[in-house]
Amino acid sequence: MISIKGDYYDGKTSRKISTSLEIYDNGEVKLSHQDNRGVVALSTLRVSSRVGNTPRSIGFPDGGKFETGNNDAVDKALARFRRQSWEHILHLLESRKAYVFTALIAVIVFSWAMLQHGIPALAKTAAFALPAETNNAISQGSLEILDKGFFSPSEIEQDTKVRINRYFVEMAAKQSQDFDYRLLFRKGNGIGANAFALPSGTVVLTDEMVELVKHDDELVAVLAHEIGHVVHRHGLRRVIQDSVFAMLVVLITGDVSSTSSLIIALPTVLVEAQYSQGFEREADSFSLAYLQSNDIDLVHFKSLMLRLQEDHEDDEGVLGYLSSHPPTAERIKMFEDLKEQAKTK
Amino acid sequence: MMSEQIQGDATHPMQFEFTGSGGEYFKIWLVNIFLTILTLGIYSAWAKVRKNRYFYGNTRLGDASFDYLANPVAILKGRLIAFFAFVVYFAVSEFVPPLSLLLGLIFIGVTPWLVVKSLAFRARNTAFRNIRFDFKGDYGAAARVYILLPILLPFTLGLIYPVMVHGQKDLVISNSAYGTTGFRFEAGAGNFYRIFGMLFLIGAAAIALLAMLFPVSKEAGMITALPLYLFFFAFMTCHISNLVYNKSFLEQHSLQSDLKVYDVFMLYLTNTIAIVLTLGLFIPWANVRLARYRAERLQFIPAGDIDGFVARELENVSGAGEEMGEMFDVNVGL
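For the structure given in this document, a descriptive report is provided here. (Residues numbered from 1 in each chain as written. Chains lettered and ligands numbered in written order. Predicted model: local features only at pLDDT ≥ 70, side-chain atom pairs only at ≥ 80, totals over all residues. Heavy atoms only, no water.)

Notes on the nonpolar core
Point 1. Counting residues in hydrophobic clusters, the biggest one holds 94 residues, and the most contacted among them are F16, L171, Y178 and F192 of chain B.
Point 2. Residue contributions to this core peak at 9 residues, all from helix α1 (residues 22-38) of chain B.
Point 3. Ignoring any residue separated from it by four or fewer positions in sequence, one finds Y178 of chain B in contact with S14 of chain A together with F128, R129, I131, R132, F133, F183, L250, F309 and V310 of chain B.
Point 4. Membership of the second largest hydrophobic core comes to 38 residues, among which are A193, L219, Y290 and F335 of chain A. (Core = buried A, V, L, I, M, F, W, Y, C linked by side-chain atoms within 4.5 Å. Buried < 20%, exposed > 50% of the residue type's maximum accessible area, 1.4 Å probe, protein only. Helix = DSSP H or I, 4+ residues; strand = E, 2+ residues; numbered from the N terminus. Contact = heavy atoms within 4.5 Å.)

Some points on the packing of aromatic side chains
All names here are of chain B.
Point 1. Scanning the entire structure with this criterion turns up 21 aromatic pairs over all chains.
Point 2. For the ring pair F133 and F183, a centre distance of 6.4 Å and an interplane angle of 15 degrees mean the geometry is stacked. Placement of F133 in strand β5 (residues 131-135) and of F183 in strand β7 (residues 181-185) is noted, with a sequence separation of 50 residues between them. For the pair F133 and F183, one class covers both residues: buried. (Phe/Tyr/Trp six-rings, centres within 6.5 Å; stacked < 30°, edge-to-face > 60°.)

Here we look at the sheet that holds strand β4 (residues 126-128) of chain B
Think of a sheet as strands paired side by side through backbone hydrogen bonds, with each pair either parallel or antiparallel.
Residue and element names in this part refer to chain B.
Point 1. A barrel is described by the order of its strands in space; here 10 strands give the closed sequence β1-β2-β3-β4-β5-β6-β7-β8-β9-β10, paired in antiparallel fashion. Between one strand axis and the next, the sheet turns by 30 degrees as a mean value, whatever way the strands run.
Point 2. One ladder, built from 3 bridges, connects strand β1 (residues 14-18) with strand β2 (residues 59-61); its direction is antiparallel. From the neighbouring strand, F18 faces β2, where its bridge partner is T59.
Point 3. Packed on one face of the sheet, helix α10 (residues 283-296) meets β1 and β10 (298-301) and runs near 175 degrees to β1. (Pairing = 2+ DSSP bridges. Axes fitted to C-alpha atoms, helices over the stretch in contact; angles between N-to-C directions.)

Regarding the interface of chain B and chain A
Point 1. Taken together, the 71 residues of chain B in the interface contact 62 residues of chain A.
Point 2. Of the roughly 5400 Å² buried between chain B and chain A on both sides combined, carbon and sulfur atoms contribute 66%.
Point 3. There are 1 salt bridge connecting chain B and chain A.
Point 4. Its salt-bridge partner being E94 of chain A, residue R50 of chain B comes within 2.8 Å of it at the nearest N-O pair.
Point 5. Mapped by element, the contributors of at least two residues to the side of chain B that touches chain A are α1, α2 (44-57), β3 (64-68), α3 (72-95), α8 (218-246), α9 (261-277), α10 and α11 (320-327) of chain B.
Point 6. It is α1 of chain B that provides the largest number of residues to the side of chain B that touches chain A, a total of 14 residues. (Buried area = accessible area lost by both parts, 1.4 Å probe. Salt bridge = Lys/Arg side-chain N within 4 Å of Asp/Glu carboxyl O.)

Regarding the pattern of salt bridges
Point 1. For the coordinates displayed, the defined rule picks out 10 salt bridges over all chains.
Point 2. Each of R50, R56, D72 and D75 of chain A takes part in a single network of salt bridges with overlapping partners.

A closer look at the environment of D170 of chain B
All names here are of chain B.
Point 1. In this structure, D170 sits in helix α6 (residues 161-174).
Point 2. For D170, a relative accessible area of 25% puts it in the partly exposed group.
Point 3. Taking C-alpha positions, D170 is 14 Å from N242, a pair spaced 72 residues apart along the chain.
Point 4. Ignoring sequence-local partners within four residues, the contact set of D170 consists of N175 and F185.

Topic: unusual backbone geometry
Residue and element names in this part refer to chain B.
Point 1. Its identity as a non-glycine residue notwithstanding, D63 has a phi of 65 degrees, on the positive side.
Point 2. Relative to the helices and strands, D63 resides in the loop between β2 and β3.
Point 3. Phi is positive for N130, which is not a glycine, with a value near 60 degrees.
Point 4. For N130, the position within the fold is in the loop between β4 and β5.

The structure is reproduced here in structure tokens:
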């Protein structure tokens, strides 16, 4: 006979009775404070699965519960007298260092692969599988918000606008006709020298950008970069990537809801910045490829980058990883690499 | 028959205790994540139950521990419904913005129901000495503090915010019971006004400080913002937790919580730094450290014998409310 010390609660009141569970060699059990009418087979009782070293409870048919901290004795009796439930495997996984270490490596590899390749690839496939009109749907209202919050009407001369628009129309004609390409001019105010692309195909150029550049081909590089965002469906892909990432975080850390939201927010910002930088690289190479195929000197791309860097001098340093754009040096390197390639050809 | 003697009296408060360890919980936590990934999320319901069983089971009061009894299948059903609702809500708000307003209204209307179901599910699946807790709040009471008062907030310039928080805590505690014995909440809205008054001053001072720092150096501003945010959060958690516990009564029995702002702030700060530096691997230790500290500072002050609480017959509550509430971040914790 095995005897396991513990406490008994009858389930009717909160009274505690210190007692022992007596397990006989034929697999029947009885609580030591009860008489022989209380004898039952261990295999008919509800035994809670083991979680770390928390107390085990053994439920009797009348609603009473025996609780004990002696997990090992309970496990031994269970192994001998009844079929283990599948949940005992969980404790096995949770208690062997080798299994936990394997799980750790698997989780790290999975997270990295999902972040680096899985989510972007999934979003790309999904974005191109969706009808082109989806791009219009997610653009709705964006321009109004920008107009209300930041922009004021453009003060650029009409002639200049017409001239720039000619480059834009020429460029748009060579692209996928899934989009309704339009070029708009706005005064950027606080935003400064910049250009934006809405997923629907609308490109906004700020007056400050027009004033910043010294050569029309630099503007062509800007416009090509923005059209790159459009044809690669970056807006839609961003929406999908961010929501898949959010769902994954909820799924995985769903049982860590007590953790402060700040801890979740920081990696989210980091990941979204990395994804954004990926899109910018794609748009840069689109722009470079366009310049190349139209026999425009790639040096204009470089001078554009240098001018922009001078204009927004504060966006690098430690905070570079949180920036939505890759560092200028890296963007210029892409241009240098292309030039190298062109030379060797 | 051996019956335990009275375990404490007003002169002998009973100390809460947390007996879990970070290392042990790390293994459970990691296997939870691993199996959740492997099963494409299905296991998350079991993961939640194992996590809660670990934390409840290690929370002890006078030689007995708490017990989490939820059925993972009930939670899984709730999660599937919540997940589906989340996808619909997200798709609609991204692609058909006008319709999302309607969905939002429906969601607001459903919130009190979610809150009530979630509280009932949690209470009825928590047991101590084989007696379950209970919650019997209704839709109307929850609607007052989760719809009506939040709607009035902007019209009162936020001045009724403490009334709302008081109402939400009151909803939880006054409608909770241990077995057939109901809890009583004796805090008034005035207690909450005091706390939020102090929080307002702290917040204003913090914003003023940051407004001076940021123009000087962006980096210095960001580095200062983190501890300020955590201090604000620690101050709020400590004062509200202490108030809620100290003003809750179970018949003549009472609770005594004595969380210190500085201790909690240091815990938050070191936890956050360690979590960031370990890319999240410190999370289990962080959770255990907080649970241990909270238990250390909490006492149950019995007014006499605690053997006489009587169980009540319970019907089962589905997990849908709790899980959906969690998914949409309805905050109903103590």
